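Remarks on the overall topology
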Amino acid sequence: MVTKTIVSSSSNSSSPMAKTLLTSTFLFIPLISLTFFLLPSSPPPKPISTTLFLSLSAPSNTTIASHLRTLTLKPHMAGTQPNSAAASYVLSTLSSYSIPSHITPFHVLLTYPISHSLTLKNNNGSVFVFSLRQEIYDGDENPFAGDVSLTFHAYGHSGNSVGEGVYVNYGRVEDYVRLRELGVEVKGRIAVARYGRIFRGDIVNNAEEAGAVGVVVFSDRKDYGGGKEGRWFPEEKWLPPSGVQVGSVYDGVGDPTTPGWGSVEGCERVAYEDVEESGHVPGIVSLPVSWADGEVILKAIEGTVADDDWQGSEDAPVYRVGPGPGILNLTYNGNKTISKIENVIGVIEGAEEPDRYVILGNHRDAWTFGAVDPNSGTASLLEVARRLGEMLKKGWRPRRSILLCNWDAEEYGLIGSTEWVEQNRELLASRVVAYLNVDCAVSGPGFHVSATPQLDVLLRQASREIPDPDNSSQTLYEAWAGSDVDPVVGRLGGGGSDFSAFVQHVGIPSTDISFGEGYPVYHSMYDDFIWMKNFGDPLFQRHVAVASIWGVVALRLADEEILPFDYVTYATELEKSAKELENETSVLGINLTPLYKSIEKLKDAAIETNYQKTALLESKGRGSGSKDGAWRARELNDRLMMTERAFADQDGLPERRWNKHLIYAPAKHDDYGSKAFPGVDDAIEKAKSLNTVKSKEAVQHEVWRVSRAITSASLVLNGQLT
């Protein structure tokens, strides 16, 4: 059950900057802070802190493994005592590294399972009762394996639903279009969907919009169970037959009862009935099930044979769309409670610009043991902290402040990070240089990075300093790039992790890094230390590489006098995205000229700013104008830092006002997916459906909106009033 009384949020921090973080909310800080006029003459050049940081990596893999083993001993869902104990462990570890740290609590609405059941009535009248239980594997020596909770969907609708099963593939919008073409009616029936391709909350929402009265979501053996080979964890990496992917079906961000403000104790809250009416939580019952249970259900569904790309593995039953004749009866009962969650915040105060923040973040809570998701990232964060602590002992201090943040309740809906950002929005908007996120640090081989585009060059440069953990004869950059001229950097439009509030709500330059891309035991009880040790990262060298590049990027942002941002890359990326819009908008008669003109202005401003950076660094190299040089560096950095904010429009996206960023946001029907210019994309989708003059005018309006935002960004980057 939920433990609401959690350990004291005591603080080791006595620094003025840490106290400011605790007490300053909704403060207005001018673009060019008055404090910079008080800066002393430019100090002598710093030693190269990244070199020192990388030199301290020798014992990293054993230290990281030890942290991960401790963090993953017990299941630790948000709001429970084991997760509170994990917060205490992170806090004490940061403190042991001489990093002033504290806990910031929030009181948020979480849901937990009370009971669930699922039966299948076959055509011959027999009834199959599903156990819905994940089996403890042979050789599992963890004494807490039996403490894993019932399988459920967080914020799932409590109730009972009965109906014929209809197979809906991945439950995407296009899958329901295909069912209509086949003449299959979903209304009044139970949708049977497989995980993958889109966010589970959108699977349930799409089913509800199609008229289904309930949803069963299974992990297909083809995608998660290793196909027909029949070998799974602990022998192989694949999901065992009883493995179930649990998770949230809430499609909002942050505490559902405090939309837009911090969920502190005693604060204003909206009624849960209002949350339900908003459409952010489902109105129909849903349950996650294993691939073994999914195959039992699909054997009971007859009708038209599903398309080839809807089928399972070679030895799976033939998938048919139905409806029925198998009748599913599913029940879920959960409780909703205001629970205390705990963000752990460590602060290394900057020596010269303490009011500028470089933030590293990872969440701690897990649905079960969380060896990959998220505690591979937590262990890596603690390794970064260890090395920074060693550097502090040697006399190093960063130019700008570095914050190490360990978020809570991410799994429920990015709650810990979002509440903290909402509570400190104005202060963060005026002071944060960048946010560097790591969620699932390691799930296998292959380096992956997503970022806002002004950080692309920095990330590629940093990766050249890190050895490839899987091939010591090359750098991480070479492994990442492969045969490409430049390695691919993804974008942060999806809503899948804690960068969301920073990028999509405030407009803060951000990154997200990881090794591996998807893993079969995701969100199941088999995501444990043994899986990581045997399959994810046996030598823990990938964890070391994550900590190394995470720290190098952070140190360059914190220590370099001129921020290493490049907005030429941003303009180039926007040009590519605009060209991708042409095919979709041309048939609607949309004029993209305003968009292209605004991007050209941004490119001109970016080129000019790069010239200014070069000139300023050259003048400093010649030792000229120390006080004037400090002023010019601060002014230039403010422009580089604040340009991203201009992409965040105060009115937000239509029907999604919390999402302020007009360049990057989740796709409307898939929270994990994204497209550039999300407001334009939403309007195009509606215009294609309605095909009215007004709907096409709405597309043009969204083009104008994003064009104005890009023009505003160019003005900020230039630093000149019109």
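Predicted model only: the values in this text are computed from it and were never measured.

Below, the discussion takes up the overall build of the protein. From N to C terminus, the protein includes 23 helices and 18 strands. Compactness check: the protein gives a C-alpha radius of gyration of 26 Å against a globular reference of 27 Å for 722 residues, within 12% of the reference. Reported as C-alpha extents along the three principal axes, the dimensions of the protein are approximately 90 × 65 × 55 Å. Sorting the 722 residues of the protein into buried and exposed places 60% on the buried side. Long-range contacts, defined as pairs at least 24 residues apart, comprise 81% of the intrachain contacts of the protein with a sequence gap of at least 6. Surface accessibility of the protein: about 27,100 Å² in total, with carbon and sulfur atoms responsible for 52%. Across the protein, 66 positive and 90 negative side-chain charges occur, with their mean positions spaced 4 Å apart.

All right, on to the confidence of the model for the protein then. Scored by pLDDT, the protein has a mean of 91; 92% of the residues are at 70 or more. Predicted confidence is poor over residues 1–47, with pLDDT under 50, and the contacts of this stretch with residues over four places away or in other chains come to 91 contacts.

Moving on, we come to the packing of aromatic side chains. Applying the stated criterion across every chain yields a total of 25 aromatic pairs. Each ring, one from tryptophan 407 and one from tryptophan 420, has its centre 5.3 Å from the other, and the planes form 50°; the classification is tilted. Here tryptophan 407, found in strand E11 (residues 400–407), pairs with tryptophan 420, found in helix H12 (residues 415–423); they are 13 residues apart in sequence, far enough to count as distant. Of the residues examined, tryptophan 420 reaches a relative accessible area of 2% and is grouped as buried. Summarising the aromatic geometry, the rings of tryptophan 531 and phenylalanine 535 are spaced 6.2 Å apart at their centres and angled 50° between planes, so their arrangement reads as tilted.

On to the side chain of glutamate 635. Looking at the element boundaries, glutamate 635 is found in helix H21 (residues 626–642). Note on glutamate 635: relative accessible area 15%, which makes it buried. Separated by 2.9 Å, the side chains of glutamate 635 and arginine 639 make a polar contact.

Here we take up the pattern of salt bridges. Per the counting criterion, the structure on display carries 36 salt bridges. The partner of arginine 178 in a salt bridge is aspartate 307, with the nearest N and O atoms 2.8 Å apart. In this pair, arginine 178 sits in helix H5 (residues 173–181) while aspartate 307 sits in the loop between helix H9 (291–299) and strand E9 (327–348), placing the two residues 129 residues apart along the sequence. Overall, arginine 178 belongs to the partly exposed group, its relative accessible area being 26%. When the shortest N-O distance is used, the salt bridge between glutamate 655 and lysine 686 registers 2.9 Å. Of this pair, glutamate 655 sits in the loop between H21 and strand E17 (664–667) while lysine 686 sits in helix H22 (residues 678–690), placing them 31 residues apart in sequence. Overall, glutamate 655 belongs to the exposed group, its relative accessible area being 58%.

In this model H21 runs 24 Å from its N-terminal to its C-terminal C-alpha over 17 residues, within 8% of the 24 Å that 1.5 Å per residue would give. Summarising burial for H21: twelve of the 17 residues are buried, a large majority.

Let's shift gears to the packing of helix H3 (residues 60–71) against helix H10 (residues 375–393). Two numbers describe how H3 lies on H10: the axes approach to 9 Å, and their chain directions differ by 135°. By the angle class used here, H3 and H10 are oblique. Crossing handedness for the pair H3 and H10: right-handed. Contact with H3, carried on its side by Ser60, Thr63, Ile64, His67, Leu68 and Leu71, involves Asn375, Ser376, Thr378, Ala379, Leu382, Glu383, Arg386 and Arg387 of H10 and no other residues of that element. Of the residues in the contact of H3 with H10, the class split is five nonpolar, six polar and three charged.

In this chain, phenylalanine 233 is followed by proline 234 through a cis amide linkage whose omega measures 15°. Topologically, proline 234 is positioned in the loop between helix H7 (221–224) and strand E7 (247–248). Here aspartate 373 and proline 374 are connected by a cis peptide whose omega angle stands at 10°. Here proline 374 shows up in the loop between strand E10 (353–363) and H10. The backbone of alanine 409 shows a phi angle near 55°, a positive value even though the residue is not glycine. Its location among the elements puts alanine 409 in the loop between E11 and helix H11 (410–413). If you check the backbone angles, phenylalanine 540 has positive phi at about 60° while not being a glycine.

Relative to the assigned elements, aspartate 175 resides in helix H5. A relative accessible area of 2% places aspartate 175 in the buried class. Remark: the alpha-carbon pair of aspartate 175 and valine 553, spanning 378 residues in sequence, is separated by 42 Å. Ignoring anything within four residues of it in the chain, the contact list for aspartate 175 reads Val168, Asn169, Tyr170 and Trp310.

Assignment of secondary structure puts isoleucine 466 in the loop between helix H14 (456–463) and strand E14 (467–468). Residue class for isoleucine 466 comes out buried when judged on its relative accessible area of 2%. Sequence separation of isoleucine 466 and tyrosine 477 is eleven residues, and the distance between their C-alpha atoms is 7.7 Å. Discounting chain neighbours no more than four positions away, the residues touching isoleucine 466 are Leu54, Thr475, Leu476, Ala545, Ser548, Ile549 and Val552.

Strand direction decides the pairing type here: E14 and strand E15 (residues 471–475), joined by two bridges, are antiparallel. By the bridge assignment for E15, proline 467 is matched with threonine 475. Where E14 hands over to E15, the hairpin turn is made up of two residues, counted between the paired strands.

This paragraph deals with the packing of H22 against helix H23 (residues 693–718). The contact between H22 and H23 brings their axes to 8 Å, and the two run at 170°. Comparing the axis directions of H22 and H23 gives the class roughly antiparallel. Together, Gly679, Val680, Ala683, Ile684, Ala687 and Leu690 of H22 and Ser695, Lys696, Ala698, Val699, Glu702, Val703 and Val706 of H23 make up the contact between the two elements. For the contact of H22 with H23, a count of residues per class yields nine nonpolar, two polar and two charged.

Cut-offs used in this document
- Residues numbered from 1 in each chain as written.
- Predicted model: local features only at pLDDT ≥ 70, side-chain atom pairs only at ≥ 80, totals over all residues.
- Heavy atoms only, no water.
- Helix = DSSP H or I, 4+ residues; strand = E, 2+ residues; numbered from the N terminus.
- Rg over C-alpha atoms; globule rule 2.2 N^0.38 Å.
- Buried < 20%, exposed > 50% of the residue type's maximum accessible area, 1.4 Å probe, protein only.
- Contact = heavy atoms within 4.5 Å.
- Areas by Shrake-Rupley, 256 points an atom, 1.4 Å probe, with all protein chains shown as cover.
- Lys, Arg positive; Asp, Glu negative; His and termini not counted.
- Charge placed at Lys NZ, Arg CZ, Asp CG, Glu CD.
- pLDDT = per-residue confidence, 0-100.
- Phe/Tyr/Trp six-rings, centres within 6.5 Å; stacked < 30°, edge-to-face > 60°.
- Polar contact = N/O pair within 3.5 Å; in protein donor to acceptor, adjacent residues only side chain to side chain.
- Salt bridge = Lys/Arg side-chain N within 4 Å of Asp/Glu carboxyl O.
- Expected span 1.5 Å × (residues − 1).
- Axes fitted to C-alpha atoms, helices over the stretch in contact; angles between N-to-C directions.
- Parallel < 35°, antiparallel > 145°, perpendicular 65-115°, else oblique.
- Left-handed = near helix turned anticlockwise from the far one by under 90°.
- Nonpolar A, V, L, I, M, F, W, Y, C, P; charged D, E, K, R; others polar.
- Pairing = 2+ DSSP bridges.

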